[in-house]
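Per-entry structural report
Here's the letter readout for the chains.
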Amino acid sequence: MIDNQTGFLTEKNIVMDLDADSRDDAIAQLARVLEKNGNISDATAFTQDVLAREAMTTTGIGNNIAIPHGKSSSVEHASLIFAKNRTPLEWNSLDGSKVQIIFLMAVSSGDAGNEHLQMLARLSGKLMDDDFVAAIKHAQTAQEVLDIFYAAD
(Lines give C-alpha, C1' and ligand atoms only; values in the text may rest on other atoms or scores of the structure.)
Protein backbone atom coordinates (compact mmCIF):
# COMPACT_ATOMS: atom_id res chain seq x y z
CA MET A 1 0.00 0.00 0.00
CA ILE A 2 1.29 3.43 -0.93
CA ASP A 3 1.21 5.93 1.88
CA ASN A 4 1.67 9.67 2.04
CA GLN A 5 5.33 9.25 2.99
CA THR A 6 6.35 7.63 -0.30
CA GLY A 7 5.99 10.83 -2.28
CA PHE A 8 3.94 9.38 -5.13
CA LEU A 9 1.55 12.33 -4.78
CA THR A 10 2.74 15.39 -2.91
CA GLU A 11 1.48 18.95 -2.68
CA LYS A 12 4.17 20.23 -5.04
CA ASN A 13 2.94 17.71 -7.65
CA ILE A 14 -0.58 19.11 -7.72
CA VAL A 15 -1.48 21.70 -10.37
CA MET A 16 -4.95 23.13 -9.81
CA ASP A 17 -5.02 25.58 -12.72
CA LEU A 18 -3.20 23.98 -15.63
CA ASP A 19 -3.69 26.05 -18.76
CA ALA A 20 -2.91 23.57 -21.52
CA ASP A 21 -4.51 23.78 -24.95
CA SER A 22 -3.99 20.15 -25.99
CA ARG A 23 -3.14 16.70 -24.64
CA ASP A 24 0.48 17.05 -25.74
CA ASP A 25 0.76 20.52 -24.20
CA ALA A 26 -0.67 19.23 -20.90
CA ILE A 27 1.83 16.37 -20.77
CA ALA A 28 4.73 18.70 -21.63
CA GLN A 29 3.72 21.27 -18.99
CA LEU A 30 3.35 18.60 -16.31
CA ALA A 31 6.71 17.09 -17.28
CA ARG A 32 8.31 20.49 -16.69
CA VAL A 33 6.73 20.61 -13.21
CA LEU A 34 8.10 17.12 -12.48
CA GLU A 35 11.54 18.22 -13.69
CA LYS A 36 11.44 21.39 -11.56
CA ASN A 37 10.44 19.31 -8.53
CA GLY A 38 13.29 16.83 -9.04
CA ASN A 39 11.12 13.83 -9.98
CA ILE A 40 12.57 13.59 -13.48
CA SER A 41 15.85 14.76 -15.01
CA ASP A 42 14.71 15.59 -18.56
CA ALA A 43 11.22 16.93 -19.25
CA THR A 44 11.59 16.68 -23.02
CA ALA A 45 12.68 13.02 -22.98
CA PHE A 46 9.96 12.15 -20.47
CA THR A 47 7.30 13.90 -22.58
CA GLN A 48 8.43 11.92 -25.64
CA ASP A 49 8.22 8.64 -23.69
CA VAL A 50 4.70 9.45 -22.44
CA LEU A 51 3.53 10.49 -25.93
CA ALA A 52 4.96 7.26 -27.37
CA ARG A 53 2.80 5.39 -24.85
CA GLU A 54 -0.21 7.53 -25.81
CA ALA A 55 0.33 6.58 -29.46
CA MET A 56 -0.26 2.91 -28.54
CA THR A 57 -3.63 3.50 -26.91
CA THR A 58 -5.41 6.38 -25.25
CA THR A 59 -5.10 6.94 -21.54
CA GLY A 60 -8.34 8.91 -21.52
CA ILE A 61 -10.33 6.50 -19.35
CA GLY A 62 -13.60 8.40 -19.57
CA ASN A 63 -15.56 10.56 -17.14
CA ASN A 64 -13.28 13.53 -18.05
CA ILE A 65 -10.21 11.76 -16.61
CA ALA A 66 -6.90 10.67 -18.15
CA ILE A 67 -4.04 8.66 -16.66
CA PRO A 68 -1.10 9.29 -19.00
CA HIS A 69 2.05 7.43 -18.04
CA GLY A 70 5.29 6.19 -19.40
CA LYS A 71 8.39 4.40 -18.31
CA SER A 72 11.38 6.65 -18.89
CA SER A 73 15.07 6.66 -18.11
CA SER A 74 14.66 10.32 -17.10
CA VAL A 75 12.58 9.38 -14.03
CA GLU A 76 14.55 9.86 -10.81
CA HIS A 77 11.90 8.25 -8.61
CA ALA A 78 8.37 7.08 -9.26
CA SER A 79 5.83 9.81 -8.77
CA LEU A 80 2.34 10.93 -9.60
CA ILE A 81 1.25 14.43 -10.59
CA PHE A 82 -2.36 15.58 -10.46
CA ALA A 83 -3.69 18.39 -12.61
CA LYS A 84 -7.00 20.05 -13.23
CA ASN A 85 -6.96 21.82 -16.59
CA ARG A 86 -8.84 25.10 -16.92
CA THR A 87 -10.68 23.89 -20.02
CA PRO A 88 -11.59 20.38 -21.19
CA LEU A 89 -9.08 18.84 -23.63
CA GLU A 90 -9.55 16.42 -26.51
CA TRP A 91 -7.88 13.14 -25.46
CA ASN A 92 -9.52 10.44 -27.62
CA SER A 93 -11.11 9.14 -24.42
CA LEU A 94 -12.79 5.77 -24.39
CA ASP A 95 -16.19 7.40 -23.78
CA GLY A 96 -15.57 10.37 -26.09
CA SER A 97 -15.46 12.84 -23.18
CA LYS A 98 -12.94 15.64 -23.05
CA VAL A 99 -10.40 15.51 -20.22
CA GLN A 100 -10.09 18.00 -17.40
CA ILE A 101 -8.58 15.80 -14.64
CA ILE A 102 -5.12 14.37 -15.33
CA PHE A 103 -3.12 11.91 -13.24
CA LEU A 104 0.33 11.66 -14.88
CA MET A 105 2.47 8.78 -13.62
CA ALA A 106 6.24 8.88 -13.92
CA VAL A 107 8.00 5.52 -13.63
CA SER A 108 11.64 4.64 -14.22
CA SER A 109 12.31 2.45 -17.24
CA GLY A 110 14.38 0.30 -14.88
CA ASP A 111 11.37 -0.39 -12.65
CA ALA A 112 10.46 -4.06 -12.68
CA GLY A 113 6.80 -3.08 -12.68
CA ASN A 114 6.09 -2.96 -8.97
CA GLU A 115 5.89 0.81 -8.47
CA HIS A 116 3.99 1.38 -11.70
CA LEU A 117 1.52 -1.39 -10.98
CA GLN A 118 1.10 -0.32 -7.37
CA MET A 119 0.35 3.28 -8.39
CA LEU A 120 -1.96 2.23 -11.22
CA ALA A 121 -3.85 -0.29 -9.07
CA ARG A 122 -4.33 2.21 -6.28
CA LEU A 123 -5.44 4.97 -8.60
CA SER A 124 -7.72 2.70 -10.64
CA GLY A 125 -9.43 1.49 -7.48
CA LYS A 126 -10.06 5.04 -6.36
CA LEU A 127 -11.36 6.07 -9.79
CA MET A 128 -13.99 3.32 -9.62
CA ASP A 129 -15.44 5.08 -6.56
CA ASP A 130 -18.00 7.66 -7.72
CA ASP A 131 -17.64 9.63 -4.49
CA PHE A 132 -13.86 9.90 -4.97
CA VAL A 133 -14.29 11.04 -8.57
CA ALA A 134 -16.90 13.64 -7.62
CA ALA A 135 -14.76 14.91 -4.74
CA ILE A 136 -11.59 15.17 -6.83
CA LYS A 137 -13.46 17.04 -9.57
CA HIS A 138 -14.80 19.55 -7.05
CA ALA A 139 -11.58 20.02 -5.07
CA GLN A 140 -10.36 23.61 -5.11
CA THR A 141 -6.96 23.36 -3.40
CA ALA A 142 -3.94 21.09 -3.41
CA GLN A 143 -4.59 20.21 0.24
CA GLU A 144 -8.15 19.13 -0.62
CA VAL A 145 -6.77 16.86 -3.33
CA LEU A 146 -4.28 15.32 -0.89
CA ASP A 147 -6.97 14.84 1.76
CA ILE A 148 -9.29 13.15 -0.75
CA PHE A 149 -6.52 11.03 -2.28
CA TYR A 150 -5.21 9.75 1.05
CA ALA A 151 -8.58 9.40 2.83
CA ALA A 152 -9.28 5.92 4.24
CA ASP A 153 -5.85 4.55 3.40
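Computed from a predicted structure; not experimentally measured. (Residues numbered from 1 in each chain as written. Predicted model: local features only at pLDDT ≥ 70, side-chain atom pairs only at ≥ 80, totals over all residues. Heavy atoms only, no water.)

On to helix α5 (residues 142-150), then. All of the buried residues in α5 are Ala142, Val145, Leu146, Ile148, Phe149 and Tyr150. As for α5, its buried residues are in contact with β1 (14-18), β5 (79-89), β6 (99-108), α3 (114-127) and α4 (130-138). (Buried < 20%, exposed > 50% of the residue type's maximum accessible area, 1.4 Å probe, protein only. Helix = DSSP H or I, 4+ residues; strand = E, 2+ residues; numbered from the N terminus. Contact = heavy atoms within 4.5 Å.)

Below, the discussion takes up the nonpolar core. With 26 residues, the main nonpolar core has Leu9, Phe82 and Phe103 as its most contacted residues. Those elements giving two or more residues to this core turn out to be β1, β5, β6, α3, α4 and α5. Counting residues per element, this core draws most heavily on α5, at 6 residues. Counting 22 residues, the second largest nonpolar core, distinct from the first, contains Val15, Phe46, Ile81 and Trp91. (Core = buried A, V, L, I, M, F, W, Y, C linked by side-chain atoms within 4.5 Å.)

For the rest of this paragraph, the subject is the pattern of salt bridges. For the structure on display, the rule yields 4 salt bridges. The closest approach of N and O atoms between Asp24 and Arg23, which form a salt bridge, is 2.9 Å. Taking the shortest distance from any N to any O, the salt bridge between Arg23 and Glu54 comes out at 3.7 Å. Separated by 31 residues along the polypeptide, Arg23 in helix α1 (residues 23-36) and Glu54 in helix α2 (residues 43-56) bring together distant segments of the chain. The class for Glu54 is buried, based on a relative accessible area of 5%. Salt bridges sharing common partners tie together Asp17, Asp19 and Arg86. (Salt bridge = Lys/Arg side-chain N within 4 Å of Asp/Glu carboxyl O.)

Right, let's get into the side chain of Asn39. Note that Asn39 resides in the loop between α1 and α2. A polar contact of 3.4 Å, which involves the side chain of Asn39, links it to the side chain of His77. The contacts of Asn39, once residues within four sequence positions are left out, are Asn13, Leu34, Ser74, Val75, Glu76, His77 and Ser79. (Polar contact = N/O pair within 3.5 Å; in protein donor to acceptor, adjacent residues only side chain to side chain.)

A few words on the pairing of β5. For β5, the tally of buried residues reaches 8 of 11 residues, placing the bulk of the element in the interior. When β1 meets β5, the two strands line up parallel, connected through 3 bridges. Residue pairing across strands places Leu18 opposite Asn85, the latter belonging to β5. In this sheet, β6 lies alongside β5 in antiparallel orientation, the contact comprising 7 bridges. Residue pairing across strands places Ser79 opposite Ala106, the latter belonging to β6. (Pairing = 2+ DSSP bridges.)

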